[in-house]
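Remarks on the overall topology
Chain by chain, the residues run as shown.
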Amino acid sequence: MTLTRADINGVVGIVPTPATGDAASWRAASTINTSETEKMIEEVVNAGIEFIMSAGTFGECATLTHDEWLTFTTCIAKVIRGRVPFFAGVTTLNTRDTISRGREAIAAGADGLFTGRPMWLPLDDDGIYRFYRDLTEALPGVPIVVYDNPAAFKGKISVEAYRKLAELPEIVATKHAGGPTLERDTQAIGDKVAVLPLDSDWYSIARRFPELATACWSGNVACAPSPLAALSRAVLSREWTAAEAISDKVNWALAPQFGGDMARFMDYSIPVGRARFRAAGLIDPGPSRPPYTEAPADMIAGGEETGRRWAQLEHQYRGTP
């Protein structure tokens, strides 16, 4: 399937990587729980989520071995069977490994790639552009979602860099961290590259720019896909009253995990995410992988409460047209 900017409409659901029971140990050699992965993807696709994306931060791109990453990527592609587009996460510490994983992901059945830039050293605008240009030269015609996470990649992609990236036809979307630059970036490149806000921000930006804010990303589809699919239907049909009501519930669900301190949450987002998925009860995520296995008790408790709130919303919206 060939994807362009025009095809990016709806919820881009980023999934965790379900783990075997021994995954928290460095001795574990093969930690992908494939049966739980299959269950997760079926739940998310059947609920109506429009896109699947893998191996982001809480999807543990940084802690999977190459063999585990390939097992997980292949499993997702086989379960999806072309029903929705699949962007495989391929972020690594260097350009050549990212390209190599990109080729493997496409060979395994992915429709496109989700990739952040190498983060050992920060990249300036020219370095960011060269990295993505190199990817598009090595993988011509392969759709790419940019991963713009300032905490992970040592800086925000500037609007000037975005304007250059938007000239690369393979760049179809960017996973945006939100905040004060969301509106500016959407206005600058939204007609060429889908700027994906968080699920909790989608209604507000789409209400202002309905022609540009046509999709969002969500790291919560493995907690509660049904309310997020309902949000997508409401936003895309411009049923603003319904969209606002669902958006309010999404923000209510998410509040406990942040604890009023987003920077602190980002430091522990992987184990807190595991607590969230576990408490939501849709899947068994298993433990997180080393070294990101521990978090303060209050952060874990916040993740668990967010999971319980998502479970309430899933029960409310499941099966609704």
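In this text, all values refer to a predicted model and were calculated from it rather than measured experimentally.

Next up on the list: a nonpolar patch on the surface. The grouping of Leu-93, Trp-120 and Leu-121 at the surface amounts to a nonpolar patch, some 410 Å² of accessible area in total. Within the element layout of this structure, Leu-93 appears in the loop between β3 (86-89) and α3 (95-108). The exposure class of Leu-93 is partly exposed, given its relative accessible area of 47%.

This next bit is on the sheet that holds strand β1 (residues 10-14). One open sheet holds the 8 strands; their spatial order is β7-β6-β5-β4-β3-β2-β1-β8, and the pairing between them is parallel. What marks the edges here is a single partner per strand, and that holds for β7 (194-196) and β8 (215-218). In this sheet, neighbouring strand axes are inclined to one another by 20° on average, regardless of whether the strands run parallel or antiparallel. Two elements, strand β2 (residues 51-53) and β3, share 2 bridges in a ladder whose sense is parallel. When the bridges of β3 are listed, Ile-52 appears paired with Phe-86. Packing of helix α8 (residues 199-208) onto the sheet brings it into contact with β1 and β8, and relative to β8 it is tilted by some 165°.

Moving on to the nonpolar core. One finds Ile-52 and Tyr-132 to be the most contacted residues of the largest nonpolar core, which totals 101 residues. Excluding residues within four positions of it along the chain, Tyr-132 makes contact with Thr-115, Gly-116, Arg-117, Ile-144, Val-146, Tyr-147, Leu-165, Leu-168 and Ile-171.

As a further point, take the side chain of Glu-60. Note that Glu-60 resides in the loop between β2 and α2 (66-80). Among residues more than four places away in sequence, those in contact with Glu-60 are Thr-17, Ile-270, Arg-274, Ser-288 and Arg-289.

The UniProt record marks Tyr-147 and Lys-175 with the feature "active site" (unreviewed entry), using the residue numbering of this structure. Spanning 29 residues, the named residues nonetheless gather at one spot, since no C-alpha pair among them exceeds 5.1 Å. For Tyr-147, a relative accessible area of 3% translates into the label buried. Not counting the four nearest positions on each side in its chain, Tyr-147 is found in contact with Gly-56, Thr-57, Thr-91, Phe-114, Thr-115, Gly-116, Arg-117, Tyr-132, Phe-153 and Lys-175. Tracing the backbone shows Lys-175 in strand β6 (residues 171-175).

Pro-291 follows Pro-290 through a cis peptide bond whose omega is 10°. Within the secondary structure layout, Pro-291 lies in the loop between α12 (269-280) and α13 (297-317). For Glu-60, which is not a glycine, the phi torsion comes out positive at approximately 65°. Overall, Glu-60 belongs to the buried group, its relative accessible area being 0%. Despite not being glycine, Arg-238 shows a phi value in the positive range, around 60°. With respect to the secondary-structure elements, Arg-238 resides in the loop between α9 (225-236) and α10 (240-258).

Where helix α1 (residues 34-47) meets α2, the axes come as close as 9 Å, and the angle between the chain directions of the two elements is 40°. The pairing of α1 with α2 is recorded here as oblique in orientation. Here α1 and α2 pass one another in a crossing that is right-handed. Along its contact with α1, which presents Thr-34, Thr-37, Glu-38, Met-40, Ile-41 and Glu-42, the element α2 presents Thr-71, Phe-72, Cys-75, Ile-76, Val-79 and Ile-80.

Cut-offs applied
Note that residues are indexed from 1 along each chain, following the sequence as it is written. pLDDT decides what is reported in this predicted model: residues at 70 or higher carry local features, side-chain atom pairs at 80 or more are listed and counted, and totals for whole chains, interfaces and linings draw on all residues regardless. Water and hydrogen atoms were dropped before computing side-chain values, which therefore reflect all heavy atoms in the structure. Each patch is built from residues that are more than 30% exposed by relative accessible area and take part in no salt bridge. Like charges join if they lie within 9 Å; nonpolar side chains (Val, Leu, Ile, Met, Phe, Trp, Tyr) join within 5 Å. Each accessible area is a Shrake-Rupley result for a 1.4 Å probe, and residues are judged covered by the shown protein chains and nothing else. We count a salt bridge whenever a side-chain nitrogen from Lys or Arg sits within 4 Å of a carboxyl oxygen from Asp or Glu. Runs of H or I in DSSP of at least four residues are treated as helices and runs of E of at least two as strands, each being numbered from the N terminus. Burial status follows relative accessibility: with a 1.4 Å probe on protein chains alone, a residue under 20% of its type maximum counts as buried, one over 50% as exposed, and anything between as partly exposed. The criterion for strand pairing is that DSSP finds at least two bridges linking the strands in question. Think of each axis as a best-fit line through the C-alpha atoms, taken over the contacting stretch in the case of a helix, with angles from 0 to 180 degrees between the N-to-C directions. Whether two residues are in contact is decided by their heavy atoms: any pair within 4.5 Å suffices. Throughout this description, the term nonpolar core refers to a set of buried Ala, Val, Leu, Ile, Met, Phe, Trp, Tyr and Cys residues connected via side-chain atoms within 4.5 Å. UniProt positions are given in the numbering used here, feature names are shortened, and annotations may be inferred rather than shown by experiment. For this classification, under 35 degrees means roughly parallel, over 145 means roughly antiparallel, 65 to 115 means roughly perpendicular, and everything else is oblique. Take the far helix as your reference; a near helix turned counterclockwise from it by less than a right angle gives a left-handed crossing, and one turned clockwise gives a right-handed crossing.

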